[in-house]
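What the coordinates show
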Amino acid sequence: MGFNCGIVGLPNVGKSTLFNALTQTAAAQAANYPFCTIEPNVGRVAVPDGRLEVLAKLGKSAKILPTQLEFVDIAGLVRGASKGEGLGNQFLANIREVDAIAHVLRCFEDPDVTHVEGSIDPVRDAETVETELLLADLDSVEKRVMAAQKKAKGGDKEAKDLLAVLEPVLAALQAGRPARLAELDPSLKPALARQQLLSAKPVVYVCNVEEGAAASGNAQSKRVAEFAAKEGNVAVVISAAIEAEVAQLSDPAEQREFLASLGLAETGLARVIRAGYELLHLVTFFTVGPKEARAWTVRKGAKAPEAAGVIHTDFEKGFIRAETIAFDDFVACAGEAGAKEAGKMRLEGKEYVVQDGDVFHFLFNV
């Protein structure tokens, strides 16, 4: 399990270039004209996690299997998409299916690459896309509220429960605020997620800057960071051009050397993934053995049986307990045997909440 992230933005901001670089494929055609990505392209990439190599070495594992992240490259959006302009209807349908949004914003000047709005203003572009998502949600929620109110008058309990979620959301949308900023009781957040509202999706603003600004950003990316902070979102600075160059280097050592020469400690992919994990409240756990060392992803707050179910549904159904070692203890004790001897292996039951970095061995009975 990883998560599914839709790459969106106005035409010609670097979405497809970024997608190609992130997935190390040429599946999406990057070209200097709107709508070069007509159908959403999907690519899966390994989630970089340095802990996995450490565990594999200690466990003498034959294979290393990282968890994966899915990127969906979605057609460019234009003003009026909420009313079907451009490829609006298709865009909205595609974005409804993703867990999070990586909103690419153009933060670089290049006279050879046209901008659909005629000038460079990433905050304006962010507001354009957000407005289209908000308007589409407003139309949808208004209809749902009207239908639910009629049923609620007749005593329908489900309709009343739905109104408890949708009426605060409608108020937010009417005030020009996205659904994710609606004033809802925390207990209603899961119900909001089930509504599949576009403006409820968590957003990572990806500031695509020129190569020279990849390490520290530029004035435009700083404006985006301030805008994101006001909305409770995050902004990540990358250079799609650099990511494309890194993707051409198959040797990890060469990649590190190239990045270091530019003052970068890691790829943009790593930063986007970390931001996405934070937004979606995900954690990583591991399984380690002679055959393989493997990383898995589960939602923050998940209990041990749910984590077992990520590996196989039978593990969750027949869960007995989980032999658990914290990553730091696994490393400090030089592996599973040392951790057992030092008393660092714990037997956790069904109520145990998974912690990031846990190394598990699940015991189950089917």
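Here is a short report on the structure shown in this document.

Criteria and thresholds
Residues numbered from 1 in each chain as written. Predicted model: local features only at pLDDT ≥ 70, side-chain atom pairs only at ≥ 80, totals over all residues. Heavy atoms only, no water. Helix = DSSP H or I, 4+ residues; strand = E, 2+ residues; numbered from the N terminus. Buried < 20%, exposed > 50% of the residue type's maximum accessible area, 1.4 Å probe, protein only. Contact = heavy atoms within 4.5 Å. Areas by Shrake-Rupley, 256 points an atom, 1.4 Å probe, with all protein chains shown as cover. Pairing = 2+ DSSP bridges. Axes fitted to C-alpha atoms, helices over the stretch in contact; angles between N-to-C directions. Parallel < 35°, antiparallel > 145°, perpendicular 65-115°, else oblique. Nonpolar A, V, L, I, M, F, W, Y, C, P; charged D, E, K, R; others polar. Salt bridge = Lys/Arg side-chain N within 4 Å of Asp/Glu carboxyl O. Core = buried A, V, L, I, M, F, W, Y, C linked by side-chain atoms within 4.5 Å. Phe/Tyr/Trp six-rings, centres within 6.5 Å; stacked < 30°, edge-to-face > 60°. Lys NZ or Arg CZ within 6 Å of the ring centre and 35° of its normal.

What to know about the overall build of the protein chain
- Helix and strand counts for the protein chain come out as 14 helices and 12 strands.
- Among the 366 residues that make up the protein chain, the fraction classed as buried is 50%.
- A separation threshold of at least 6 residues defines the contact pool for the protein chain, and within that pool the share at least 24 residues apart is 68%.
- Summed over all atoms, the accessible surface of the protein chain reaches about 17400 Å², with 52% contributed by carbon and sulfur.

Some words on the pairing of strand S5 (residues 100–106)
- For S5, the tally of buried residues reaches 7 of 7 residues, placing the bulk of the element in the interior.
- Burial along S5 is two-sided: the residues Ala 100, Ala 102, Val 104 and Arg 106 and Ile 101, His 103 and Leu 105 are all buried.
- As paired strands, strand S1 (residues 4–8) and S5 are joined by 4 bridges and run parallel to one another. Opposite Val 8, over in S5, you have His 103 as the bridge partner.
- The pairing of S5 with strand S6 (residues 203–208) spans 6 bridges and is parallel. Note that in S6 the partner of His 103 across the bridge is Tyr 205.

Topic: the packing of helix H4 (residues 122–153) against helix H7 (residues 219–231)
- Two numbers describe how H4 lies on H7: the axes approach to 9 Å, and their chain directions differ by 40°. Comparing the axis directions of H4 and H7 gives the class oblique. The residues of H7 that touch H4, namely those facing Pro 122, Val 123, Ala 126, Glu 127 and Glu 130, are Gln 220, Arg 223, Val 224, Phe 227 and Glu 231.
- In terms of residue class, the contact of H4 with H7 is built from 5 nonpolar, 1 polar and 4 charged.

Quick look at the environment of Gly 217
- Tracing the sequence through the fold places Gly 217 in the loop between S6 and H7.
- Since its relative accessible area comes to 12%, Gly 217 is described here as buried.
- Taking the C-alpha atoms as reference, Gly 217 lies 9.3 Å from Ser 239; in sequence the two are 22 residues apart.

Overview of the sheet that holds strand S2 (residues 41–46)
- One open sheet holds the 6 strands; their spatial order is S2-S4-S1-S5-S6-S7, and the pairing between them is mixed. Two strands in the sheet have a free side with no partner beyond their single neighbour: S2 and strand S7 (234–238). Looking at each pair of strands side by side, their axes are set apart by 25° on average, direction ignored.
- In the sheet, S6 pairs with S7 via 5 bridges, with the strands oriented parallel. Pairing of Cys 207 across the sheet is with Val 237, part of S7.
- Of the strands in this sheet, S2, strand S4 (68–73), S5, S6 and S7 touch helix H10 (residues 268–280), which is tilted by about 170° from S7.

Topic: the pattern of salt bridges
- This structure, assessed with the given rule, holds 14 salt bridges.
- Where Asp 356 meets Arg 51, a salt bridge forms, and the shortest distance between an N and an O atom there is 3.0 Å. Of this pair, Asp 356 sits in the loop between strand S11 (346–348) and strand S12 (359–364) while Arg 51 sits in helix H2 (residues 50–59), placing them 305 residues apart in sequence.
- On the basis of relative accessible area, Asp 356 is assigned to the partly exposed category, the value being 44%.
- Across the salt bridge formed by Arg 346 and Glu 348, the nearest N and O atoms sit 2.8 Å from each other.
- Given the relative accessible area of 16%, Glu 348 is considered buried.

A short note on the environment of Asp 314
- Checked against the element boundaries, Asp 314 lands in helix H12 (residues 313–317).
- Distance in space between the C-alpha atoms of Asp 314 and Asn 365 is 8.3 Å, their sequence separation being 51 residues.
- Discounting residues that sit within four places of it in the chain, Asp 314 has contacts with Phe 364 and Val 366.

Focus: the nonpolar core
- With 51 residues, the main nonpolar core has Leu 69, Phe 71, Ile 95, Tyr 205 and Val 206 as its most contacted residues.
- One finds Leu 134, Ala 148, Leu 170 and Ala 179 within the second-largest nonpolar core, a separate group that totals 20 residues.

Looking at the packing of aromatic side chains
- Per the counting criterion, the structure on display carries 8 aromatic pairs.
- Between the aromatic rings of Phe 285 and Trp 296, the centroid separation amounts to 6.4 Å while the plane-to-plane angle is 15°, which identifies the pairing as stacked. Placement of the pair is Phe 285 in strand S8 (residues 282–288) and Trp 296 in strand S9 (residues 292–299), with a sequence separation of 11 residues.
- The interplanar angle of 85° and the centroid separation of 6.3 Å between the aromatic rings of Tyr 352 and Phe 360 together place this pair among those described as edge-to-face. By the burial criterion, Tyr 352 is buried, and Phe 360 matches it.
- By the ring-pair criterion, three or more aromatic residues cluster together here, those being Phe 285, Trp 296, Phe 319, Tyr 352, Phe 360 and Phe 362.
- Here the basic side chain of Arg 51 rests over the ring of Phe 327, its NZ or CZ set 5.9 Å away from the ring centre.

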